[in-house]
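Commentary on secondary and tertiary structure
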Amino acid sequence: MNPDSGLAVSRGVAGADVGGRLAGLNPARTITFSPSHTLPLTHDCPWDCTYCGYRSDRDGLISEADFNRGLDIAARAGATEILFLSGEVPDSLPHLRRELQERGFPDFIAFVRWACERALEAGFLPHSNIGAMSDADFERLAPVNASMGLMLENVDDAFNRTVAPRKSASGRLRTLEAAGRARVPYTSGILIGLGESRESRLRSLDALAEVHARHGHLQEIILQNYIPNAGSRLPARPAPTLEEYHGLISHWRRVAPDVPIQIPPNINPHWRELLPWVDDLGGISADGDLVNPLNPWEPPERYARACREAGARLVHRWPVYDRFLARGWVSEEVRAVLGRRETSALPSGPQAEGGNPDAIGTVRSKAPSTWKDPLTKAVAGGSLTPSEALRLAMADGAASAELAAAADELNRRLNGDVVTYVVNRNANFTNVCTTNCSFCGFYRPKGHEEAYTRSVGAVVERVMKTPWVTEVCLQGGIHPDLGFDYYLELLRALRSAMPGVHLHAYSPMEIRSLELKTGRSATALLEELMAAGLGSMPGTAAEILDDSVRGRLSPEKVGVSDWIRIVSAAHRLGLRSTATVMFGHGEGWDALLRHLELLRDLHRRTGGFTEFIPLAFVPHRNRLGRELSRSTPGGAEEVARASAERVRRLYPLARLFFGAELRHLQTSWVKLGTEEAAAMLKAGCDDFGGTLYEESITRESGGEHGESRTPEELESAIRSVGRTPRRRTTLYGMREG
């Protein structure tokens, strides 16, 4: 925003310093709104908040005829968003439970899902705001919503009880946390002007910022002021002053600068003066404001004129913001509607349409900037956003050679011509496992004729057959009967038998299982394991850090939040780990990029990853491979071909995405074969992995590239592409030989 225009507005009301403090907070000079239509699914609500003019006692559910009529009105009005509203916890009302059953719905969430599905079928983008929700509710509704929302209102429950006796700030924060876990683009905000204190307003904004810092899911916050309506019983209070709004805006910009601010212009007496400092006017609906029925919206053209007078341009937007589309936070059903409404399902942002200065711009897909722009940025050392990385991932096949060359250039700048490897071996102590992952051919259920659990002495004896290794990686299933003492004793015995060896062991999944068995925290367990000799942790059990994908691959395995929590705990203790991804099983690029972004964010906080290891899915002898082969035209051969194509794109993409922040990128001869793994050394990789004596995990899923390589074989492969081999330690702290 032009500082001069903001300064003039602010000086007239709140003093000369306010303009300087807030100038430039909306540098894009655009203010957005969503062309919306509101459909109340029910007004019935058991809560009796004194300020509410929306609730009723026995209106029941919206009829199907009224629902269809609402969709017709929305279409004629040019709406793109359908806002679904309801009272709080309507399932608790007996008459509504009966009506739901009579209409064939087991509960209210099923009714909401039906409404959203109908809206999607009609070409609209649903946004549901139906009160407090659980994780299970989000799981059911997230796929059929472009975005969702719930106002926090105020974190001060002592104050809340005076105006809304049944509302709980903790309950609403639980909903906000659940929305974050579900990766739902979310709208929230605070309600002001009820008589609350300034301090409670700021603490409420802080609470929202803290939730957003954990999940990154708030796409906007609303600074909503109270005004009495027909049906509300709370008398009017002194309205917040313009200076108070400036203070709230300034505070929010400090604690959550990436989250836009929305004000509702139909109820805010200062909305014109606030235009230089806010980003969005919300959903503007031709059918009025059902929450504030005495204050309907004006036509958008009038708001557009006011924006122009404030030095800004009013533009349409989707109810889901661009950055969440780029991250893949919406379902294919929602993307399909976006695709029908625009030339691309990933619009790049609001674009004002030229000509008339009062015209309202339209969210329209720009021709995406060429993939060469983010490529140039990455090679120059810039940090790619997920949307920029997505452009590289989706570039046509002709781009592959340029991506590989750029990744190679960046890698050689970071690591020169040296390619490292480690002389290591695996030690498999049990193949008994209870997690039943669909992609695994290694595990056996307890009691199976091929199941084994080796004693500590037997594991040590096997390891001592390769006394020259510098690292031992312990691998095993999640055995239901192995206690913490076994894990400790295994480390102690190996450290005693081979004092100089580095022990790389116990993935986040194993630590999580030990937490459940012992009732102790990951930190306490890891501290004791480190004292027994644990040197680093495999960053496996990650697969793809997206709970919806994990639900398909391994529903009983450690969840995303626990994986991140345990790895973070290890890093805080100084225990380094690898970072991995398993790909090539039908996942989308959006899920892969979310995974990379989570790893990069975690590494930025802890610096604890030693290297990144992409692991291609091996489909030959496991349940998932059989399922994919049956459902894929061309069968297993096509699954393998698609995986090979993804290998050649993901490796250079990973190098460009992580850049200098995560310096080491490992190729995998076990997954790819020696020749293809060596080719990746010219596509961004600087490490060839290890000798891996006794590799069983990949081999038992049908891997065809053997279970070990000698140092001489690894060095020969490295030299075959013109690179210089060098042995390393596990932690890259020194390079040997």
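What you see is a predicted model, and the numbers here were worked out from it, not measured in a lab.

For Leu514, the position within the fold is in helix α20 (residues 508–518). Since its relative accessible area comes to 0%, Leu514 is described here as buried. Leu514 sits 11 residues away from Leu525 along the chain, and the two C-alpha atoms are 7.9 Å apart. Setting aside anything within four residues of it in sequence, one finds Leu514 in contact with Gly483, Phe484, Tyr487, Gly519 and Leu525.

Moving on, we come to the sheet that holds strand β17 (residues 576–583). The sheet built from six strands is open, its strands ordered β13-β14-β15-β16-β17-β18 with parallel pairing. Lying at the two open borders of the sheet, with one neighbouring strand each, are β13 (424–430) and β18 (609–616). Looking at each pair of strands side by side, their axes are set apart by 30° on average, direction ignored. Contacting β16 (534–537), β17 and β18, helix α23 (residues 560–572) crosses the sheet at an angle of about 145° to β18.

Turning to the environment of Met498, a few remarks are in order. As for its placement among the helices and strands, Met498 is situated in the loop between α19 (484–497) and β15 (502–505). Spatially, the C-alpha atoms of Met498 and Pro467 are 7.7 Å apart, while their sequence positions differ by 31 residues. Not counting residues up to four positions away in its chain, the partners in contact with Met498 are Val463, Met464, Thr466, Pro467 and Val469.

Taken across its five residues, strand β12 (residues 418–422) has five buried, putting it largely inside the fold. Side chains of β12 alternate between two faces, with Val418, Thr420 and Val422 and Val419 and Tyr421 buried alike. Note that β12 and strand β20 (residues 724–728) share four bridges and pair parallel. In the strand pairing of β20, Thr420 is matched with Arg726. In the sheet, β12 pairs with strand β19 (residues 687–690) via two bridges, with the strands oriented parallel.

The side chains of a regular strand alternate, first on one face of the sheet and then on the other. Summarising burial for strand β3 (residues 125–129): four of the five residues are buried, a large majority. Here strand β2 (residues 81–85) runs beside β3; their pairing, made up of five bridges, is parallel. Bridged to Leu85 within β3 is Asn129. Handedness of the crossover joining β3 and strand β4 (residues 147–149) through helix α6 (residues 135–141) is recorded here as right-handed.

On to helix α14 (residues 332–341), then. Think of an α-helix as turning once every 3.6 residues; residues three or four places apart then point the same way. Among the residues of α14, those classed as buried are Val334, Arg335, Val337 and Leu338. On an axial view of α14, the arc spanned by its buried residues comes to 160°, and they lie on one face. Turned more than 90 degrees away from the buried face of α14 sit Glu332 and Arg340, all of them exposed. Check the buried side of α14 and you find it contacts α5 (108–121), β3, α13 (322–326) and α24 (589–606).

Further remarks concern the packing of aromatic side chains. Tallied over the full model, the rule gives 17 aromatic pairs. Where Phe138 meets Tyr186, the ring centres are 6.1 Å apart and the plane angle is 65°; that geometry is what we call edge-to-face. Of the two residues, Phe138 sits in helix α6 while Tyr186 sits in strand β5 (residues 186–192), which places them 48 residues apart along the sequence. The pair formed by Phe138 and Tyr186 is uniform in burial state, with each residue classed as buried. Ring centres of Phe657 and Phe658 lie 5.7 Å apart, and the angle between their planes is 80°; this geometry places the pair in the edge-to-face category.

Conventions adopted
- Residues numbered from 1 in each chain as written.
- Predicted model: local features only at pLDDT ≥ 70, side-chain atom pairs only at ≥ 80, totals over all residues.
- Heavy atoms only, no water.
- Helix = DSSP H or I, 4+ residues; strand = E, 2+ residues; numbered from the N terminus.
- Buried < 20%, exposed > 50% of the residue type's maximum accessible area, 1.4 Å probe, protein only.
- Contact = heavy atoms within 4.5 Å.
- Pairing = 2+ DSSP bridges.
- Axes fitted to C-alpha atoms, helices over the stretch in contact; angles between N-to-C directions.
- Right-handed = clockwise from strand over helix to strand, strands pointing away.
- Arc of directions from axis to C-beta.
- Phe/Tyr/Trp six-rings, centres within 6.5 Å; stacked < 30°, edge-to-face > 60°.

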